[in-house]
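One-letter residues, chain by chain:
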Amino acid sequence: MIGAVARHEYTVIGPKVSLVARMITAYPGLVSCDEVTYLRSMLPAYNFKKLPQKMMKNISNPGKMYEYLGHRRCIMFGKRHLARERNKNHPLLDREKELEAFQMAWQECLHQKKGQAVLYEGGKGCGKSQLLAEINFLAHKEQHRVLPLKLKETDFKQCFYAIQTLMAIFFEIDTCPAYYRQECLHKQLHGMVEETLHCLFNDLFFVKFPLSFEVSHMDDLTRQKKVKACFFQVLQEAVRETPLIFLIDEAQYMDTASWEFLETLLSTVPIIMVMTLTPTFTLCGCAQHFLQSSQAVLVPILKLAATSLLRMACWELGVVSIPQELQIYLLHRCFGNPLYCEVLCQDLLSKDILLFHDLQKVEENSKWENLSANAMKSTMYGIFPAGSEEDHELYICTVKDDVNLDTVLLPPLLKEIAVNQLDQLSPAEQLLVKCAAVIGHSFHIDLLQHLLPGWNKNKLLQVLRALVDIHVLCWINKSQELPADSIIVPSSIKIIEQIKEEKKKKSDADSPLSLQEELSLPQTEVLEFGVPLIREAAWELWPKAQQIALHLECAYFLQDLACRCGSCHGGDFVPFHRFAICSTKSCNGTSRFCSYKDTGSVLTQVITDKLQLPSPQDSFQFQTKSFRSQEAFTSEHCRTEEEFLDQVNRKLSQDSPEKDMLTTKPCHCEDILKLVLSPLTHHCLVIGETTCAFYYLLEAAAASLDLSDNYMAFLYLKKASSLLGQPSAFSFLKKHKVKICQFEEATFCCLRSEVCFNMGQITLAKKLARQALRLLKRNFPWTWFGVLFQTFLEKYWRSCSLSQPPNNPSENSKKKLAVLQQQVHCLSLLWQLYNLETTASSHRFACLATLMQKNSAEEFANEAQVVCTYVALSQFSQNTGDRDKWLHCEQMAIQKSSLCWFSREGLLATAQLMQALAYTKLCLGHLDFSIKLGFQAHEICRHLKKPALENLVLSVLFRSAFLKKKFDLCVHVLERQWVLISHGHDVLGLACFYSACLDLLLYGEGLLCRPFGECLHFIQHCEHSCILNSQSNVMLGVHSSLAMWFAQDSQWNLFEHHFSKARQLVKRTNASLFGSHGFVRFLECHVLMLQKMPDSVFMHTLPETCSQTLKYCKEFFSRCVTCPVYHQWVSELKASVMRYGKRESISSTNIIRPFDTCLARIWIEGEYLEENHSFGGHLGIQRFDRMADVKENKNEEEIQECTC
């Protein structure tokens, strides 16, 4: 070191300094050292890597050079265990194909004595380590020797590290104490490797065998070859005793020398290698050559199926089912990744977001706030139980009411993963992803264009194409290609290019109706996120002010689209909703959303005004069309049934333009709910506009009910309830957090009533429907005296008021129409609720509700509404056994259906009328006619996308085909019905479906749609559901059919169980088709018990006498007057009972012959299910009634003779 002491400036000179300067130039970017430093460091050799020699200026012999890789102590020790251990309680899900690949390689290696390699490729968190843990368990179970190894990213830089560590595990020196390592290794090598070669392993395993003369004369390359040869020799000897399996996790971090060694080992030693790879990592040349070997198989690990992921979530949470909103939350964030699911479930538990309920203690509640658990119970069977034993307590979980899962932040681990993925994108791609994240999981490119006004369409499509290519985004329709030209003008708020017919009409191009027609084709330009977590992370990266500004801009864009689709002629989902809540004066001349201080980018815009509710000026064709006066409406030409059916046949013909309307304009309200209403509620909640959020939550709930999705409607209404706050025990203290009008409060009660009705909460549904009517100023009485007084008013005073023509359809009249529509809906719910009970008081309340509904519908003066009302009255009259009123209401519906075909609402009314006619023909016994009408009604329902009505039509069609003994048609109908109900949570629809399957099993001549075990499993799990407890008609048929099935196998204890339940239900049924069908099955059980059941099996049930059975037959004829299709069947049963007399007098020779294998019949003579029906075609109703009356009188005389 030289330099001036006074100036404190120093430097170094000499040969070492010159060597260092030349090394920096020769090996740039590396930490290098010479051989002297390498030897004096006293560090293990694996911390260094030998560098190639290079010429250096002014240095003749620089010597060996080494690269320092890092100071790592004992890195190959302690590696025996894998990253994850096998969970005994949670079996591996959806990995059958991956395990099958291992099993095949395993068998081939054992039989052909050839090495096999299976490489599993999958992203982070997809379950690779769990798969290796399962393979490790299977191998140990077969007494095979397994060498597991988990690599890390830094291991790639260490030459021969993977093999070095695997052999340390093989020699069992990885876990032994350091002082015992050499002795242990010596025992392992004894007899297989010469003593003179033991010193070759000194640097590899940190031992100190004496250096032999032979090894001292070897160069480095020779030593490496000799070490590999020793390893080959040792492994060859080992596999002769026990099969050997290498398990290498994260094999993409394996060094090149190890890949080369494994490739040679695979071709020489019959060993099994199982590895996992990450597809984003670039493999070295040796690894790629290894993958191309004929003995190596690359198996991609696919993401978990949705059902498997949800089942895994149930295991993590310790429940048998999770709510639908939590299912959506997990599916959108996990994309089938089990690691993400596990972390998210743990995060939910740590944040105390979930509530847990004991499944056995869930009972009917009288308050709306306590219905979450019951709502879960009605939908829980979409997910299989989490492998718990029967004696263990079963739990379900719900989300707390004040929690919005859309705004729950990601846990730090997952956010770090997602941010790293986001950082790999370009700045333009990041901005687009962040804007799309504000919109939601699914979004339309025109809304994205609206958030990026500085981008032209070409730039937007270019960035979208790049994101789709790397699978960050994907089209909802996989076959979709990017549009060639731009079709959006942001100021016009258009969504999709109009259909070809409307392109030619410029006058219609900017109409509000055309906007809805464009939205009706969202699959052309709708995308969704294809990578998990990236949307949530991108949304969290926005500053709060810009986040709110973007949500407000989205709400501004979507608010004009929040209505029915164009094929439904627009309008609110809650009819005339906007007219009922807004005043024309208050909305004219005001901005509905916001104004900005400048016109720059949306990222710099500042909020100055608040979001406002929709204006009545934004009405659509359905709401602005003129309504005909009462006089014009009642003066329509009254048509007969034949004329109505002839017109329907003409409309459904191939050349009819209305037929084209059905096929070219399908309903897209479901897409509007998903892409407009649901995101709009989220945007309003984020920006704090609770009044607007409440408005759109009601719209979303009404849309969900219209689409037969009761659970989603419950979720939207639960969010609306949380906005209003907890109700007060005293009505005068009630004060909502959100300012809403009386109409919205009534609509809120009406929608909740319908949801409760669908959930089987009958008492609460009645209470809410009455509350809604009170808010609508149409009180419903509580006492029988009030019923009499209200009936008098409805019959006389209100009929006089209806004779006056209504005023012009002004704004005030449209508000009145909104109120009338809700009144009709509430009254319809009330009569259906009271019709479930068979008491006299309930019958009086139901009759009053139908009368009030009819009057309100006629005051509404809408043809479709009046037709639907008369169809409902017809159904009620048939259920109560009022034959005259039943047929009269049906005829009135036909006469009022003159103009119903010319609107979608009218088409729905026509479909309901067609279903009612098919139902009537079935009840009267005209089976061929009923089948024909059922097919026509089904064709209309299929295009209208009304699953509830279509399911009802299919039920009638099945029953007609079943009684006609067309069992092949029955199977096809049930297959179509299964498609409708299998993906939803309609417990009642499933009960009707399985009831039909049981009928087919009993009488279908060997045909079946679902096995008996599946039917029985559903009934056992769902029979205590509140929904099925309120449906006595359906459950009577189910339990009676099960009793008949068990009687076939002489399982009389099970027969007794279901028969006793059926006997409890028979008094609660009515004259409906399901009630009459269940009654007939119950009578068949009586006949079976009288004629086949031994006396010794009566344990808890008293034996039925012949007279009791005949009394039930008499009760059937008196109750089911409006369902004569079953009268002959019951007459045959009655004759069979009378023929054999009392049970004690029946001899063994006269007992009815045993069941056929398919239970085709239970009586000796007179098959009822015949190809040629006994009614002989279309018999007149009067003729049949006279025959039934004569037969009834005759049967009564025979009963008297039998009982005497």
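As the structure is a prediction and not an experimental result, all values here were calculated from the model.

**Student:** Would you mind going over the overall build of the chain in detail, with residue names and values included?
**Tutor:** Counting its secondary structure elements, the chain contains 52 helices and 13 strands. Considering the chain as a whole, with its 1204 residues, one finds that 55% of them fall into the buried category. Carbon and sulfur atoms make up 53% of the accessible area of the chain, which totals about 54,700 Å².

**Student:** Kindly report on the pairing of strand β7 (residues 272-277), identifying the contributing residues and their values.
**Tutor:** When a strand is regular, its side chains alternate between the sheet's two faces. Counting buried positions along β7 yields six of six residues, so the element is predominantly enclosed. By the alternation rule, side chains of β7 split into I272, V274 and T276 and M273, M275 and L277, which are all buried. Bridge count for strand β4 (residues 116-121) against β7 is six bridges, and the pairing is parallel. Opposite L119, over in β7, you have M275 as the bridge partner. Pairing of strand β6 (residues 244-249) with β7, which is carried by four bridges, proceeds in the parallel orientation. Each bridged residue has a counterpart across the sheet, and for I248 the counterpart in β7 is M275. As a crossover connection, the stretch from β6 through helix α10 (residues 256-268) into β7 is right-handed.

**Student:** So what's going on with the packing of aromatic side chains? Which residues, and what values?
**Tutor:** A full pass over the atoms with the stated rule returns 42 aromatic pairs. Plain terms: the ring middles of F160 and F231 are 6.5 Å apart, the flat faces sit at 5 degrees to each other, and that makes the pair stacked. Separated by 71 residues along the polypeptide, F160 in the loop between β5 (145-150) and α5 (161-170) and F231 in helix α9 (residues 220-241) bring together distant segments of the chain. The residues F160 and F231 share a single accessibility class, namely buried. Here F1012 and W1045 contribute two aromatic rings whose centre-to-centre distance is 4.5 Å and whose plane-to-plane angle is 15 degrees, an arrangement assigned as stacked. One end of the pair, F1012, is in helix α45 (residues 1012-1022); the other, W1045, is in helix α47 (residues 1032-1048), with 33 residues separating them in the sequence. Accessibility classification places F1012 together with W1045 in one group, the buried group.

**Student:** Residues and numbers for unusual backbone geometry, please.
**Tutor:** Positive phi, close to 55 degrees, is recorded for K113, a residue that is not glycine. Relative to the elements of secondary structure, K113 occurs in the loop between α3 (96-112) and β4. The phi torsion at S708 lies on the positive side, around 65 degrees, for a residue other than glycine. Of note, S708 is situated in the loop between α31 (690-706) and α32 (710-724).

**Student:** Give me the lowdown on the packing of helix α30 (residues 669-687) against α31, citing residues and values where you can.
**Tutor:** Closest axis-to-axis distance for the α30/α31 pair is 8 Å, and the angle between their directions is 155 degrees. In this view, α30 runs roughly antiparallel relative to α31, as classed from their interaxial angle. Regarding α30 and α31, the two cross each other, and that crossing is left-handed. Contacts between α30 and α31 involve L673, L677, L680, T681, C684 and L685 from the first element and C692, A693, Y696, L697, E699, A700, A703 and S704 from the second. Across the contact of α30 with α31, the residue classes tally to eleven nonpolar, two polar and one charged.

**Student:** Describe in detail helix α1 (residues 15-26), supporting the description with residues and values.
**Tutor:** For α1, spanning twelve residues, the distance from its first C-alpha to its last is 16 Å, which sits close to the expected 16 Å at 1.5 Å a residue. Among all positions of α1, only L19, M23 and A26 are buried. Around the axis of α1, the buried residues are gathered within 65 degrees of arc, so they sit on the same side. With respect to the buried face of α1, the exposed residues turned more than 90 degrees away are I24 and T25. Buried positions along α1 lie against β1 (32-34) and β3 (65-68).

**Student:** How would you explain the sheet that holds strand β8 (residues 296-300) if you had to name every residue and give the values?
**Tutor:** Across the sheet, which stays open at both edges, the five strands sit in the order β5-β6-β7-β4-β8 with parallel pairing between neighbours. Pairing within the sheet leaves two strands with one partner each, and these edge strands are β5 and β8. Averaged over neighbouring strand pairs, the angle between their axes works out to 15 degrees when direction is ignored. Relative to β8, β4 runs parallel, the two sharing five bridges. Residue pairing across strands places V118 opposite V297, the latter belonging to β8. Its contacts with the sheet put helix α4 (residues 128-141) on β4, β5, β6 and β7, and the angle it makes with β6 is roughly 165 degrees. Packing against the sheet, α10 makes contact with β4, β6 and β7, and its axis sits at approximately 145 degrees to β7.

**Student:** Could you give an account of the sheet that holds strand β12 (residues 473-475), naming the residues involved and the relevant values?
**Tutor:** A sheet is described by the order of its strands in space; here three strands give the open sequence β11-β13-β12, paired in antiparallel fashion. Only two strands of the sheet have a single neighbouring strand rather than two, namely β11 (442-444) and β12. Going across the sheet, the axis of each strand differs from the next one's by a mean of 35 degrees, ignoring polarity. Pairing between β11 and strand β13 (residues 526-529): three bridges, direction antiparallel. Looking across to β13, one finds that H444 is bridged to V526. Its contacts with the sheet place helix α19 (residues 457-469) against β12 and β13, and it is angled at close to 95 degrees to β12.

**Student:** Requested: an account of the side chain of Q327, with residues and values cited.
**Tutor:** Tracing the chain through its elements places Q327 in helix α13 (residues 324-334). Here I322 takes part through its backbone oxygen, which lies 3.0 Å from a polar atom of the side chain of Q327.

**Student:** Go over the environment of G570, please, and point to the residues and values.
**Tutor:** Structurally, G570 can be placed in the loop between α23 (544-558) and α24 (577-581). Along the primary structure G570 and C669 are separated by 99 residues, whereas in three dimensions their C-alpha atoms are 9.8 Å apart.

**Student:** Now, about the nonpolar core: what can you tell me, with residues and values included?
**Tutor:** In terms of nonpolar packing, the biggest core is built from 122 residues, with L432, V433, L448, L464, L473, F694 and F780 touching the most fellow members. Looking at this core element by element, the count peaks at twelve residues for α31. Every residue in contact with L448, bar those within four places of it in the chain, is listed here: L432, C435, A436, I439, F443, L460 and L464. One finds V824, I981, C1022 and F1059 within the second-largest nonpolar core, a separate group that totals 115 residues.

**Student:** I'd like a rundown of the pattern of salt bridges, residues and numbers included.
**Tutor:** Enumeration according to the criterion identifies 26 salt bridges in this entry. A salt bridge links E172 to R145, with the shortest nitrogen-to-oxygen separation between them at 3.9 Å. Of this pair, E172 sits in the loop between α5 and α6 (181-189) while R145 sits in strand β5; the two residues are 27 residues apart in sequence, bridging distant segments of the chain. For E172, a relative accessible area of 41% corresponds to the partly exposed category. Across the salt bridge formed by R578 and D572, the nearest N and O atoms sit 2.9 Å from each other.

**Student:** How would you explain the confidence of the model for the chain if you had to name every residue and give the values?
**Tutor:** Within the chain, residue pLDDT values average 77, and 75% of them lie at 70 or more. Residue range residues 583-609 is modelled with pLDDT below 50. Its contacts to residues more than four positions away, or to other chains, number 54 contacts. In this model residues 618-638 is a low-confidence stretch, pLDDT under 50, and it forms 54 contacts with partners more than four residues away in sequence or in other chains.

**Student:** Could you give me a rundown of a nonpolar patch on the surface, with the residues and numbers involved?
**Tutor:** On the surface, a cluster of nonpolar side chains totalling about 510 Å² of accessible area is made up of W784, F785, L788 and F789. The exposed category is assigned to W784, whose relative accessible area is 56%.

Scoring rules and cut-offs
Every chain is numbered on its own, with residues counted from 1 as its sequence reads. Local features are withheld for residues below a pLDDT of 70 in this predicted model, meaning they are given only at 70 or higher, and side-chain atom pairs are given and counted only at 80 or more; totals for whole chains, interfaces and linings count all residues. Only hydrogens and water are set aside; all other atoms, that is, all heavy atoms of the structure, feed into the side-chain values. Going along the chain from the N terminus, every DSSP run of H or I of four or more residues is numbered as a helix, and every run of E of two or more is numbered as a strand. Relative accessibility decides the category of a residue: with a 1.4 Å probe and only protein chains considered, values under 20% of the type maximum give buried, values over 50% give exposed, and everything between is partly exposed. A 1.4 Å probe and the Shrake-Rupley method give the accessible areas. Residues count as covered only by the protein chains that appear here. Paired strands are those between which DSSP finds at least two bridges. If the strands point away from the viewer and the path from the first strand over the helix to the second runs clockwise, then the crossover is right-handed. By convention, a stacked pair of Phe, Tyr or Trp rings (six-membered ring in the case of Trp) has centres within 6.5 Å and planes under 30 degrees apart, an edge-to-face pair has planes over 60 apart, and any other such pair is tilted. A fitted line through C-alpha atoms serves as each axis, taken over the contacting stretch for helices, and the angle formed by two N-to-C directions is quoted from 0 to 180°. Each angle receives one of four descriptions, namely roughly parallel if under 35 degrees, roughly antiparallel if over 145, roughly perpendicular if within 65 to 115, and oblique otherwise. By definition, turning the near helix anticlockwise from the far helix through less than a right angle yields a left-handed crossing, and turning it clockwise yields a right-handed one. Contacts were defined at the residue level, with two residues in contact if any of their heavy atoms lie within 4.5 Å. Three residue categories are used. Nonpolar comprises Ala, Val, Leu, Ile, Met, Phe, Trp, Tyr, Cys and Pro, charged comprises Asp, Glu, Lys and Arg, and polar comprises the others, including Gly. Every helix has an expected span of 1.5 Å times one less than the residues it contains. By definition, the arc is the one covered by directions from the helix axis to the C-beta atoms. We define a polar contact as two N or O atoms separated by no more than 3.5 Å, with the added condition that, inside protein, one atom must be a possible hydrogen donor and the other a possible acceptor, whereas residues neighbouring each other in sequence contribute only through side-chain atom pairs. For our purposes a nonpolar core is just a set of buried Ala, Val, Leu, Ile, Met, Phe, Trp, Tyr and Cys residues, chained together by side-chain atoms within 4.5 Å. Salt bridge, as used here: a side-chain nitrogen of Lys or Arg that lies within 4 Å of a carboxyl oxygen of Asp or Glu. Each residue carries a pLDDT value, the predictor's own confidence for that position, ranging from 0 to 100. Residues enter a patch when their relative accessible area is above 30% and they make no salt bridge; the linking distance is 9 Å between like charges and 5 Å between nonpolar side chains (Val, Leu, Ile, Met, Phe, Trp, Tyr).

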